[in-house]
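# Summary of the model geometry
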Amino acid sequence: MDNGLAVSYQCTKMSQDSQHGKWTISDSEDEDNIIPPTPQKDLTKPSVKPNLERKPDKITTFFKQEPKLSPKRNEKAENSHSVKAPSAPSMGSEARKAAHVNQTDPVKYESNSPAVKRKRETEEGGWNLSSSDDEAPPPALKNEPKKPNRSPKRKKTEDKRPPSPHGTGYYKEEPNDFFETNLLSMNGMYRFYLNKVTGIPKKFNTGALHIKEILSPMFGTLKESVQFNYCFDIPWMVEQYPPEFRDKPVILVHGEKRESKARLIEQAKPYPNIRFCQAKLDIAFGTHHTKMMLLWYEEGFRVIILTSNLIRADWYQKTQGMWMSPLYPRLPEGSLGTAGESPTNFKRDLLEYLEAYRAPELAEWIERIKQHDLSETRVYLIGSTPGRYQGPAMEKWGHLRLRKLLSEHTQPVQNEERWHVLGQFSSIGSMGLDKTKWLAAEFQRTLTTLGKAGKSLASPETQMLLVYPSVENVRTSLEGYPAGGSLPYSIQTAQKQIWLHTYFHGWHADVTGRSNAMPHIKTYMRVSPDFTQLAWFLVTSANLSKAAWGALEKNNTQMMVRSYELGVLYLPSAFNMSSFPVEKNVFPGSSSSKGFPVPFDLPPQRYSSK
């Protein structure tokens, strides 16, 4: 395999960016396997060489997946960030290949990349490229007189390296008619939108949104903004703002530390309008995974809660989604901070989420939000913030927050146990030795809650269907195998939970024209036995992991959450409905439809035995 395809790509946090720099694997979501901190170990000496073959295909493919590679865990200690070197990564993506190649001179490749390199979405999938980045090559590699031939070879592959794992010609500039010029095709009822996807028929993008549209004057005259995210390519992000807004103040809320934080700050040097807010991550394996925009306009204020990183690959050929708030007007002078509340208490919950950062950089925004009228909001906010919570605080975050809302604002339905629970995500953490450890216990109990009269334990009859792309889905996708870089599920985690795979269903999305656009969106829902009605629908940054959703501890008296996550919950009661009908014709978008635009086909198709 030509190392030129193993690239130093745009963001090295895994998500779509699995494709560059230097990577180490850690099942950040695999808290079961945490062991005490160990001294930092040299990451430049790989202990296993990956055997990644080229596979001839009609479509663009890069690496054949080698399931037998078994990476060691990258251990990240609470606070100290001590790290243990992994062996070569297990999934056949460029990221891993690049990691192996670049380990001989990691710093060089990292500093050449325009975007931040860092942890692989733990949440995006159980991997971490955190402080392990911070280690320079050992002196032995800096001058090795006995092996003069290695340097020229390395230089050669470095020169060949294209800008993305997809190859040099992968990204195409979108034509002007790709973008919306008005809001007529937008569904104003649910305000749930998919991202535009390059390379699919135009009708499936009508009413979908690109980041350039979100930041355009079409939605307001921007004065300032805040970008909460996991992965940033700052030069690319700045270009997405229209020229007239590019010098407006922006705060980036991130979870970077040490060297990766320094690289992020370095990226922003040409842009004096960019400031930073570092999210506190005090629990091991936690990440700042929330994706949200706060946009302050001359005309008011808007919130967008989404699933995309701020890197080009996330907005190109992946299935992503967002909730876009209405334009919130300013309250009359002298109004109380509690004024302008919605029936869903969205204003209170958003302020509480922002206050959880304990960040002075956000104080001005908290006051600004208090001065606006958020009463038109019809969704509920569901966030995760790192911590160990007891008493009433246990229900503030994670899956217990979802359970509380489902208990208080939904009603039991007839034949309730026959209504399926459906989860769809892009990354998987460690669930334990069997389903009773977390998934079919506390998590399923949350997802099966409907009203206060709900059964005290998860109903065994209720089917839980999990949607996660298969190898064949990835192989035949618009991106080819590189799409797998945003679907991290490490082999050593998978081998410990073979029981989980009986739940799996493939990715099919003909209804939205996105069967070949691999999902980075995360959605959870309760669907009727015939798949035509929804009892509720959630779009969120939270993948299938205890790190994201939280796990009960101390005989169920404590909730422990590792990461920051954010999503919005749609409940029929907030729309004066008893259930949401599933929309059969999602595209082209219609402003009048009452059907809910589920982004993939129902019912999902179970994996074959092979």
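For clarity, every value in this text was computed on a predicted model and none was experimentally measured.

## Quick notes on the pattern of salt bridges
Considering all chains together, one arrives at 13 salt bridges under this definition. Notably, a salt bridge pairs Lys269 with Glu266, separated by 3.1 Å at the nearest N-O pair. In this structure Lys269 comes out as exposed when scored by relative accessible area, which is 60%. You can call Glu266 partly exposed: its relative accessible area is 46%.

## Overview of the sheet that holds strand β3 (residues 250–254)
Read across the open sheet, the seven strands follow the order β1-β8-β6-β5-β2-β3-β4; overall the sheet is mixed. In this open sheet, the two edge strands, each paired with only one partner strand, are β1 (192–194) and β4 (274–278). In this sheet, adjacent strand axes meet at a mean angle of 20° when their direction is disregarded. Here strand β2 (residues 222–228) pairs with strand β5 (residues 292–297) via six bridges, running antiparallel. The partner of Val226 across the bridge, within β5, is Leu294.

## Examining the side chain of Ser541
Mapped onto the secondary structure, Ser541 falls in the loop between β16 (533–540) and α14 (546–549). Polar side-chain contacts of Ser541 include one of 3.0 Å to the backbone nitrogen of Leu566. Excluding its chain neighbours within four sequence positions, the residues that come into contact with Ser541 are His289, Thr290, Lys522, Glu565 and Leu566.

## Quick word on the UniProt feature "binding site: substrate" (unreviewed entry) in the protein chain
UniProt records the feature "binding site: substrate" (unreviewed entry) for Lys291 and Lys522 in the present numbering. A maximum C-alpha distance of 12.0 Å is found for the annotated residues, which run over 232 residues; spatially they form one tight group. Relative to the helices and strands, Lys291 resides in the loop between β4 and β5. Polar contacts involving the side chain of Lys291 include one to the main-chain carbonyl oxygen of His289, which spans 2.9 Å. If you trace the backbone, Lys522 turns up in strand β15 (residues 522–527). Within the structure, Lys522 has its side chain in polar contact with the side chain of Ser426 (distance 2.8 Å).

Thresholds applied
- Residues numbered from 1 in each chain as written.
- Predicted model: local features only at pLDDT ≥ 70, side-chain atom pairs only at ≥ 80, totals over all residues.
- Heavy atoms only, no water.
- Salt bridge = Lys/Arg side-chain N within 4 Å of Asp/Glu carboxyl O.
- Buried < 20%, exposed > 50% of the residue type's maximum accessible area, 1.4 Å probe, protein only.
- Pairing = 2+ DSSP bridges.
- Helix = DSSP H or I, 4+ residues; strand = E, 2+ residues; numbered from the N terminus.
- Axes fitted to C-alpha atoms, helices over the stretch in contact; angles between N-to-C directions.
- Polar contact = N/O pair within 3.5 Å; in protein donor to acceptor, adjacent residues only side chain to side chain.
- Contact = heavy atoms within 4.5 Å.
- UniProt positions renumbered as here; feature names shortened; annotations may be inferred.

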